[in-house]
Amino acid sequence: MSESLEAEVKTNPQGDPITSVAAPKVEAKKDPHAEAKKQTVVSPEYLFLEAPRKREFITGSEAAKEAVRRSNVDFAVAYPITPQSETMQLIGVLYGEGYVKEYYRGEEEYGVMSSIAGASRAGVRCYTATAGPGTLRGIEPIASWPGHRLPAVCMFTCRVVNAPLAIQPDNIEISYLLNCGMIVFHAENQQDMYDFTMKAFIISEKNDVTLPVGVCCDGFFVTHARGYVHMQDRSMKLPPREAWRGAVPVLDAENPPARLSRDAPVQKSNFMAYNIHAVWQQEVWAAVERSRKYINQYMGGLLSAENMENADAVIIASGSAAAQSREAARLCADKGIKVGLIKVRSLRPFPTDELRKLCKDAKLIVIPEFNYVGWLAREVATAIYGHSKAKIIAGPHVYGGQSMPVELILDEVESGLTGKKSTNVPLSAIMGADVNQADVTHFMQNI
Amino acid sequence: METTKQKPERIITPGPAGFHPPSAAQLGVMLPDPGQGLMYGLLEPHEENVIEEMARVMLTSPNATLFPGPMVLWAWNDHAVEKAKALLEIAAQIPNVMIIPMPDYRPKYPKIDPEEVINPNHPNLTIWGNKIEACIFIGVHCHYANLTLKMIRAGTNCCTMAICAEQGHEDAMLTIRDSDTAKLKLVAKVFKRVREQMGLKLPDNGENVRFTGTQSKVYGGKTHTNPLDFMPNSTGVAGAAAFGHNAEQMKREA
């Protein structure tokens with residue numbers, strides 16, 4: 001026993017005691033935060049619109065990580081439940097590298113979203129991500145963020161939420177987020193995931209907005225698959241949050257006016273209490289409206305439109321459905337059918353005026369979605385009602401994790417134009433019928 | 001968005017607009033860009049025109065009142081103190097004006113004294129209680145200013161104005177933005193010019209600010225005061241306490 005405690009004499013390969021040779025060089029401990037400390041702050045306008053970019057082939061989760069790396073994030077909290085993405089794990093790596101100032105693992109999503117509320121109230125820039133069942137578990141605090149005027153960015157990597165439990169993509173959870181009073185973006189691909197996330201921080205923190213932003217994507221298709229992403233150099237980052245410029249004072253326990261400002265004001269049951277809550281809700285949605293100009297400024301609009309001139313039909317889609325729709329439009333072009341594509345980037349605020357203008361003369365609108373209920377079709381139909389005579393096909397829909405063959409979309413365009421009965425969309429999901437079938441039949445016979 | 005020249009029809013006007021009218025944003029009113037202002041829900045390209053209209057309304061409306069908010073009532077920093085001084089310079093140009101503070105945002109339960117404070121949770125009570133027909137908000141955080149302006153437009157006949165340090169307020173009938181100390185001093189100058197053009201004189205002793213009943217009690221029954229006597233210093237003397245609302249009262253309400 002005592003022998004084992006004796007100091008071990010190490011030898012070099014020649015058998016000489018190691019002490020007889022020069023002492024090994026002790027490498028200076030490398031500062032893991034060194035690269036992060038070298039980051040320089042640049043203006044959002046430069047970073048978003050002017051800074052040179054390089055292309056990389058990365059997953060959507062990695063794109064989110066790279067966006068956070070450049071976003072000067074103070075606080076991130078993770079609950080990496082399955083079915084999540086690896087995004088929050090990657091944000092943990094950023095914390096280790098010093099790009100995120102504070103990071104920890106929450107107990108569950110309710111706690112995570114509540115932590116984001118506390119941190120945002122305290123005045124720091126916050127980020128988290130969740131998915132599917134996690135979104136719904138956290139939805140009560142999420143729905144309270146806008147009312148408290150809390151700027152933050154949350155990534156929703158959409159997954160099924162219905163029983164039976166599954167981990168496949170299905171964006172039905174977005175329908176639950178649309179009426180919270182938060183701003184909601186829907187990313188088509190890894191590039192959108194990267195750009196939307198960074199821009200979301202800046203839009204979220206504008207004084208006249210001061211609202212949380214949900215950056216949604218279709219889980220797996222975007223988070224786990226790789227795509228090309230054009231990114232600015234990692235040596236740059238956004239300016240820090242200027243919490244003192246927010247629409248509400250930050251939580252400050254030392255200063256009574258600020259502390260008292262966040263005391264619950266509407267606990268009394270009388271007309272005034274009801275009135276203040278009603279006005280408060282109006283103000284939250286007014287702030288959503290005010291975000292439009294910043295979305296136009298930084299994201300180039302709430303939607304993008306392609307090949308709309310003289311289009312026979314228009315496909316309106318968001319998220320991964322936009323990617324499938326672009327391919328379907330190409331197949332249509334091969335067949336001689338001119339199809340325009342409208343990709344909706346911002347679901348809240350919703351591009352109502354833009355759609356009314358673009359769809360004014362449309363004959364047929366097809367709205368493919370990755371969910372059962374067709375929330376986007378409802379939004380579109382409500383927006384353009386009375387402003388377009390187009391026949392609206394709320395479909396095709398895939399759900400439960402199915403992918404969407406582009407032929408499904410192509411079939412709906414063709415059947416919509418010819419009047420042929422669809423095999424995928426029930427009649428109940430077809431709105432408007434003021435289409436001159438003779439015209440389109442003639443058209444179809446001549447292509 | 002339409003400007004005052006393109007569309008003379010006003011959108012945001014003194015109320016009562018109704019039980020629960022749509023917000024200005026719902027009516028399509030958008031905030032102005034730098035250098036511009038909003039005049040009754042229409043874009044006014046020259047903010048000085050808005051300031052002149054503010055002066056005309058404040059100088060001609062019964063019981064015109066300034067509502068200073070926490071950002072100018074409390075000596076958070078030197079900038080806040082300078083803005084408070086500039087606000088008193090504006091007050092010094094309006095004969096018979098009242099100054100009622102909004103020292104914090106907590107509702108005053110069980111009962112508000114409308115002669116003591118205004119509060120964003122029930123601002124109409126202070127407007128009604130003092131029969132105020134024109135008012136200017138300065139130094140209120142934007143969210144709470146917006147709540148206040150909506151409720152006043154809904155339930156009272158008061159013409160609301162907001163001199164905002166950020167982007168302005170679409171629910172105010174008149175608003176300007178980016179209001180730092182220099183712009184507040186410009187407002188005081190424009191008010192002086194308009195007042196002189198209208199032939200309105202200030203009292204010789206400079207006591208043009210009218211105390212509310214509560215304030216009068218604090219000051220031994222005096223009815224008027226000279227606002228320039230209340231100039232704060234960097235230690236925060238004056239501020240909300242000068243208008244009858246002090247830290248002890250806030251503690252009592254906590």
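Residues numbered from 1 in each chain as written. Chains lettered and ligands numbered in written order. Predicted model: local features only at pLDDT ≥ 70, side-chain atom pairs only at ≥ 80, totals over all residues.

Novice: Go over the overall build of chain B with me, naming the residues and quoting the values.
Specialist: Assigned secondary structure in chain B consists of eight helices and nine strands. Here the C-alpha radius of gyration of chain B, 17 Å, is about what a compact globule of 254 residues would show, namely 18 Å. Here chain B holds 254 residues, and the buried ones make up 54% of them. A sequence separation of at least 24 residues applies to 68% of the contacts in chain B between residues at least 6 apart. (Helix = DSSP H or I, 4+ residues; strand = E, 2+ residues; numbered from the N terminus. Rg over C-alpha atoms; globule rule 2.2 N^0.38 Å. Buried ≥ 20, exposed ≤ 12 C-beta atoms within 10 Å, placed from the backbone. Contact = placed C-beta atoms within 7 Å.)

Novice: Can you tell me about the interface of chain B and chain A, naming the residues and giving the values?
Specialist: Where the parts come together, the accessible area they lose is often given as the size of the interface. Opposite the 25 residues of chain B that make contact, chain A presents 26 residues. For the side of chain B that touches chain A, the element with the most residues is helix 5 (residues 142–155) of chain B, which contributes six residues. When its residues are assigned to classes, the side of chain B that touches chain A shows 13 nonpolar, eight polar and four charged. (Nonpolar A, V, L, I, M, F, W, Y, C, P; charged D, E, K, R; others polar.)

Novice: Run through the domain arrangement of chain A, naming residues and quoting values.
Specialist: Residues and elements named next belong to chain A. Looking at the assigned domains, one finds that chain A contains domain 1 (34–245) and domain 2 (303–445). Look at where the C-alpha atoms of domain 1 and domain 2 centre, and you get two points 30 Å apart. Counting residues at the interface gives 23 residues for domain 1 and 19 residues for domain 2. For the side of domain 1 that touches domain 2, the elements supplying multiple residues, two or more each, are helix 9 (173–177), strand 7 (183–187) and strand 8 (212–218). (Domains from an automatic or database assignment.)

Novice: So, the pairing of strand 6 (residues 152–158) of chain A: which residues are in play, and what are the values?
Specialist: All names here are of chain A. With seven of its seven residues buried, strand 6 lies for the most part within the structure. Pairing of strand 6 with strand 8 involves seven bridges; the strand directions are parallel. Residue pairing in the sheet places T157 in a bridge with C217 of strand 8. (Pairing = 2+ DSSP bridges.)

Novice: So what's going on with the sheet that holds strand 5 (residues 134–138) of chain B? Residues and values would help.
Specialist: Residue and element names in this part refer to chain B. Spatially, 2-1-7-6-5-3-4 is the arrangement adopted by the seven strands of the open sheet, whose pairing is mixed. Every interior strand has two partners, whereas the edge strands, strand 2 (42–44) and strand 4 (98–99), have only one. Pairing geometry for strand 1 (residues 37–39) and strand 2, over three bridges, is antiparallel. Bridged to G37 within strand 2 is E44.

Novice: An account of the sheet that holds strand 11 (residues 303–306) of chain A is needed here, citing residue identities and associated values.
Specialist: For sheets, the rule is that strands pair by backbone hydrogen bonds, running either parallel or antiparallel. Residue and element names in this part refer to chain A. Strand order in the open sheet formed by six strands is 11-13-12-15-16-17, and the pairing between neighbours is mixed. Of all the strands in the sheet, just strand 11 and strand 17 (430–431) have a single pairing partner and so form its edges. Bridge analysis of strand 12 (residues 313–317) against strand 15 (residues 364–366) gives two bridges, and the strand direction is parallel. Its bridge partner being in strand 15, I315 is matched across the sheet by V366. This element, helix 13 (residues 320–334), spans strand 12 and strand 13 (339–344) of the sheet and lies at about 170° to strand 13. Seen against the sheet, helix 16 (residues 406–418) touches strand 12, strand 13, strand 15 and strand 16 (391–393) and runs at an angle of roughly 160° to strand 15. (Axes fitted to C-alpha atoms, helices over the stretch in contact; angles between N-to-C directions.)

Novice: Give me the lowdown on the confidence of the model for chain A, citing residues and values where you can.
Specialist: Residues and elements named next belong to chain A. Looking at chain A, pLDDT values average 88 and 85% of them are 70 or higher. In the model, residues 8–13 has pLDDT below 50 throughout and makes seven contacts with residues more than four positions away in sequence or in other chains. Confidence drops under pLDDT 50 across residues 256–264; counting only partners more than four residues distant or on other chains, this segment forms 24 contacts. (pLDDT = per-residue confidence, 0-100.)

Novice: Give me the environment of V187 of chain B: which residues, what numbers.
Specialist: Inspection of the secondary structure assignment puts V187 of chain B in helix 6 (residues 181–197). The contact partners of V187 of chain B, leaving out residues within four places of it in the chain, are I51, I90 and I163 of chain B.

Novice: Describe helix 6 (residues 109–121) of chain A, and please don't skip the residues or the numbers.
Specialist: All names here are of chain A. For helix 6, which comprises 13 residues, the first-to-last C-alpha distance of 18 Å matches the rise-based estimate of 18 Å (1.5 Å per residue) to within 8%. The set of residues buried in helix 6 consists of E109, V112, M113, S115, I116, A119, S120 and R121. Lining the buried residues of helix 6 we find strand 3 (75–78), strand 5 (126–130), helix 7 (132–137), helix 8 (139–144) and strand 6. Among the residues trailing helix 6, G123 stands out with phi positive, at a value near 105°. (Expected span 1.5 Å × (residues − 1).)

Novice: So what about the nonpolar core? Which residues, and what values?
Specialist: Residues and elements named next belong to chain A. Ranked by size, the top nonpolar core spans 195 residues in total, and within it I91, I365 and I367 carry the most contacts. Taken domain by domain, the makeup of this core includes at least three residues from each of domain 1 (34–245) and domain 2 (303–445). Excluding residues within four positions of it along the chain, I91 makes contact with K65, V68, A76, A78, V100, Y103 and Y127. (Core = buried A, V, L, I, M, F, W, Y, C linked by C-beta atoms within 7 Å.)

Novice: A description of helix 4 (residues 123–130) of chain B should follow, citing residues and the corresponding values.
Specialist: Residue and element names in this part refer to chain B. Most of helix 4 is tucked away: six of the eight residues are buried. Looking at the packing, one finds that the buried side of helix 4 touches strand 3 (65–68), strand 4 and helix 5. Immediately downstream of helix 4, the backbone of K131 shows phi near 50°, a positive value.

Novice: How would you explain the environment of Q167 of chain B if you had to name every residue and give the values?
Specialist: Along the chain, the position of Q167 of chain B falls in the loop between strand 6 (159–163) and strand 7 (174–176). Residue classification places Q167 of chain B among the buried positions, given that 22 C-beta atoms sit within 10 Å. Considering only alpha carbons, one finds Q167 of chain B and P34 of chain B, 133 residues apart in sequence, at a separation of 7.9 Å. With sequence-adjacent residues up to four places away left out, Q167 of chain B is seen in contact with N207 and D208 of chain A together with L31 and R177 of chain B.

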